[in-house]
Amino acid sequence: MGYEYALVHLLYTIPPAILLSACYYPLGTRIDVYKILFLITIAVVSTTPWDSYLIREKIWTYPENVIVGPTLFKIPLEEVFFFIIQTYNTSLLYLILSKPTFHPVYLRGRRLLYDARRLRLWRWLGTLAIVTAICMGAVLVKRRTDGLYMGLILVWAGPFVLLLWTLAHQFILGLPLSNTFAPIVLPTFYLWIVDTVALRRGTWVIEAGTKVGIQLWHGLEIEEALFFLLTNVLIVFGLIAFDNALAILESFPSIFPRLPVLPSPWLLIKALLTPVQAYDDDRIEGLQQALARLRMKSRSFYLASGVFSGRLRIDLILLYSFCRVADDLVDEAQSPDKARDWIVKLVRYLDISYGEKPSSVSGYVLETFPPFAQPALLLLPTAYLTSKPLYDLLKGFETDLNFTSSDDPFPIRDEETLMTYGSRVAGTVAELCIQLAYYHAFDISTTDEIQRTVFAGGRMGIALQYINIARDISVDATNARVYIPTTWLKDHGSGPEHVLKDSSGLLVETMRQRLLDSAMHIYGESRGAIDYLPAEARAPMRVAVESYVEIGRVLRKPGYRIKAGRATVPKLRRLRVAWRALNM
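Residues numbered from 1 in each chain as written. Predicted model: local features only at pLDDT ≥ 70, side-chain atom pairs only at ≥ 80, totals over all residues. Heavy atoms only, no water.

Student: Explain the pattern of salt bridges residue by residue, including any values.
Tutor: Following the criterion strictly, the structure yields 21 salt bridges and no others. The closest approach of N and O atoms between aspartate 327 and arginine 324, which form a salt bridge, is 3.2 Å. In this pair, aspartate 327 and arginine 324 are both assigned in helix H13 (residues 310–331), three residues apart and thus about one turn of the helix distant. On the accessibility criterion, arginine 324 (23% relative accessible area) is partly exposed. The shortest N-O distance in the salt bridge between arginine 324 and aspartate 328 comes to 3.7 Å. Of this pair, arginine 324 and aspartate 328 are both found in helix H13, four residues apart, which corresponds to roughly one turn of the helix. What makes aspartate 328 buried here is its relative accessible area of 11%. (Salt bridge = Lys/Arg side-chain N within 4 Å of Asp/Glu carboxyl O. Helix = DSSP H or I, 4+ residues; strand = E, 2+ residues; numbered from the N terminus. Buried < 20%, exposed > 50% of the residue type's maximum accessible area, 1.4 Å probe, protein only.)

Laid out in structure tokens, this is it:
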């Protein structure tokens, strides 16, 4: 009896588990816990018979003076714990690195798959390489000579790798290297070091006559290096296959209308076996465009979107895409009359979507709107969004057009007008976001709770719009727009014309701070309502709010950083704000 193997865990595997757990805890969801438990169960069940065989055949052994004593099918409990802790650590690292990834955009339907010829080539090359490795392993096992251990590793791990490769090669090849390469290489290299220490101390021993005798470096047998590499490949490929299945389930409500909180293994397998011909390529391309639009137009909300999950994340990205496309159609129109024409067409789009003949929406959109705008309109989830906030949003766009009017070129006359404008262009969007959060919630809330939270969300939207206006005073002035209330400027003996001439003077800075004072007051009144959101939306929504409010905090301090005429928040600071918001 001894504690040498237990000390390996105490010194080398448990500390990383604690560190990774602390890092991921604020980001974790129920589905993440399910993934980890699912992978651990498979790891223990699939590895136990193989490991037991190796010990019974004396391919590797554990001296009695290094283990506590209890065993499972001849396997020391410390070794069983290794199956668990390695899977846990590698899974957590994968979850941390893949958290920002929006998996639906990596799906490939029949049309998109046909376009990706290189993907198909790599699929078959990978299949050939895996099958070749399995065959080589079988030959080594049959010989039962120095390559026996190597062969047993290949014939055990190879079929599992081949299965996962067959089911999820789209994601394995398509996801960023931070999702595939990094979570395999980093823990593998670390475990190589741990294994080297253990082999040198004699914590476990590979018997002579079963190994080829090649070392990756002094003290690390090539078989051990391959073992840890392949086990981490299995863990990461398993997680990728899980995410692939989830992406299919979440992206295609026409195929899978309702999803349980935790999809069963059978449902996951059904998703992976769904033929690519059934994928909606138009929806995938629309999601790709929506994500690109979000990444390009709003760094704060793009960062926050990575904390949402499931169909809620998809619908929030689609909602943002619609709002941005509608705004661009109006803002980038060739003339004010053309811009008003777009608003009329957008109103007509809503009329059809919510009243007359929803089935005819597609035809109207394809006939009326330019190609870049069509996916955003066709994918907007109007089935579970109320129409009033969307109509009010278009009224806010009409206010923007009044800046081109010769009769009233400065429509933001007083603070009441400003608040109405903020409510229409931002409060409405906040209300729609909250509607989506409640629609996708697994917990049940009362009507009164929902109404109070939606109202507070609308107020928070106004606060964020004030911050947006305070940030963009100079940019707006170059477009002949002044969103500072005229009455505020008159209190200082000035007017909007002064802002157009000098958008960076003392007066403008005074107005900026007044806008921020109002924004922070509304923010302070409304932020508590976040605690009443559904549990799965609470922390992500707080990240979205705090990421944008941080812009206001930056503007409060002198010497803020300017980029393209706007104050910016450095990326590292945005990450700190998001982390702090997750831990509130």
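Resuming the write-up.
Student: Tell me about the nonpolar core, and please be specific about residues and values.
Tutor: Membership of the largest hydrophobic core comes to 89 residues, with the highest contact counts inside it found for Trp50, Leu107, Tyr149, Phe237 and Ile240. Looking at which element gives the most residues to this core, the answer is helix H9 (residues 222–251), with 19 residues. Listed in part, the 81 residues of the second largest apolar core include Tyr364, Ala373, Leu393 and Leu489. (Core = buried A, V, L, I, M, F, W, Y, C linked by side-chain atoms within 4.5 Å.)

Student: How would you summarise a nonpolar patch on the surface if you had to cite specific residues and measurements?
Tutor: A contiguous nonpolar surface patch, about 470 Å² in accessible area, is contributed by Tyr3, Leu7, Leu10, Leu11 and Val68. Classification of valine 68 by relative accessible area gives partly exposed; the value is 31%. (Patch = residues over 30% accessible without salt bridge, like charges linked within 9 Å, V, L, I, M, F, W, Y side chains within 5 Å. Areas by Shrake-Rupley, 256 points an atom, 1.4 Å probe, with all protein chains shown as cover.)

Student: Which residues make up H9, and what are the values?
Tutor: The end-to-end C-alpha separation of H9 is 42 Å, in line with the 44 Å expected for 30 residues at 1.5 Å each. Counting buried positions along H9 gives 28 out of 30 residues, so the element sits mostly inside the fold. (Expected span 1.5 Å × (residues − 1).)

Student: Any details on unusual backbone geometry? Residues and values, ideally.
Tutor: Phi at lysine 74 takes a positive value of approximately 75 degrees, unusual for a residue other than glycine. Of note, lysine 74 is situated in the loop between strand E2 (71–72) and strand E3 (75–76). Despite not being glycine, alanine 480 shows a phi value in the positive range, around 60 degrees. Checked against the element boundaries, alanine 480 lands in the loop between helix H20 (473–478) and helix H21 (486–490). Classification of alanine 480 as partly exposed rests on a relative accessible area of 37%.

Student: Lay out empty space enclosed by the protein in plain terms, naming residues and giving numbers.
Tutor: In this approach the atoms are scanned with a rolling probe the size of a water molecule, which exposes any empty space left behind. Enumeration over the complete set of coordinates arrives at two cavities of 30 Å³ or more. Along its surface, the largest cavity is lined by Ile469, Asp472, Ile473, Asp476, Arg481, Val482, Tyr483, Ile484 and Val499. Grouping the constituent residues of the lining of the largest cavity by class yields six nonpolar, no polar and three charged. Lining the second largest cavity are Gly286, Gln289, Ala290, Arg293, Leu318, Ser321, Phe372, Pro375 and Ala376. Taken together, the elements giving at least two residues each to the lining of the second largest cavity come down to helix H11 (281–297), H13 and helix H16 (374–379). Looking at the lining of the second largest cavity, the element that brings in the most residues is H11, giving four residues. Of the residues in the lining of the second largest cavity, the class split is five nonpolar, three polar and one charged. (1 Å grid on protein atoms, 1.4 Å probe; cavity = no way out; pocket = protein on both sides within 12 Å on 5 of 7 lines; lining within 4 Å. Points joined across faces, edges and corners; volume = space filled by probe spheres on them. Nonpolar A, V, L, I, M, F, W, Y, C, P; charged D, E, K, R; others polar.)

Student: Pulling in residues and values, what's your account of the environment of tryptophan 50?
Tutor: Turning to its location among the elements, tryptophan 50 is positioned in helix H2 (residues 30–56). We classify tryptophan 50 as buried; its relative accessible area is 8%. Spatially, the C-alpha atom of tryptophan 50 lies 18 Å from that of threonine 145, the residues being 95 residues apart in sequence. Only 3.1 Å separates the side chain of tryptophan 50 from the backbone oxygen of leucine 152, close enough to count as a polar contact. (Polar contact = N/O pair within 3.5 Å; in protein donor to acceptor, adjacent residues only side chain to side chain.)

Student: Could you give an account of the state of the cysteines, with specific residues and numbers?
Tutor: Following the criterion strictly, the structure yields zero disulfides and no others. Between cysteine 323, a cysteine without a disulfide, and cysteine 433, which holds the nearest cysteine sulfur, the sulfur-to-sulfur distance is 7.7 Å. What makes cysteine 323 buried here is its relative accessible area of 11%. (Disulfide = S-S within 2.5 Å.)

Student: Can you break down the packing of aromatic side chains residue by residue, with the values?
Tutor: Overall, the coordinates contain 19 aromatic pairs when judged by the stated rule. Ring centres 6.3 Å apart and planes at 25 degrees place the aromatic pair tryptophan 156 and phenylalanine 227 in the stacked group. Here the residue tryptophan 156 occupies a position in helix H6 (residues 148–174), and phenylalanine 227 occupies one in helix H9, the gap between them amounting to 71 residues. Residue classification places phenylalanine 227 among the buried positions, given a relative accessible area of 7%. An angle of 20 degrees between the planes, with centres 5.6 Å apart, marks the rings of tryptophan 342 and phenylalanine 369 as stacked. Residue tryptophan 342 is found in helix H14 (residues 336–354), and its partner phenylalanine 369 is found in the loop between helix H15 (361–368) and H16; the two are separated by 27 residues along the sequence. Phenylalanine 369 shares its class with tryptophan 342; the two are buried. Seen from the ring of tryptophan 342, lysine 338 lies directly overhead, with NZ or CZ sitting 4.9 Å from the centre. Its guanidinium or amino end placed over the ring of tryptophan 342, lysine 345 lies 4.7 Å from that ring's centre, counting from NZ or CZ. (Phe/Tyr/Trp six-rings, centres within 6.5 Å; stacked < 30°, edge-to-face > 60°. Lys NZ or Arg CZ within 6 Å of the ring centre and 35° of its normal.)

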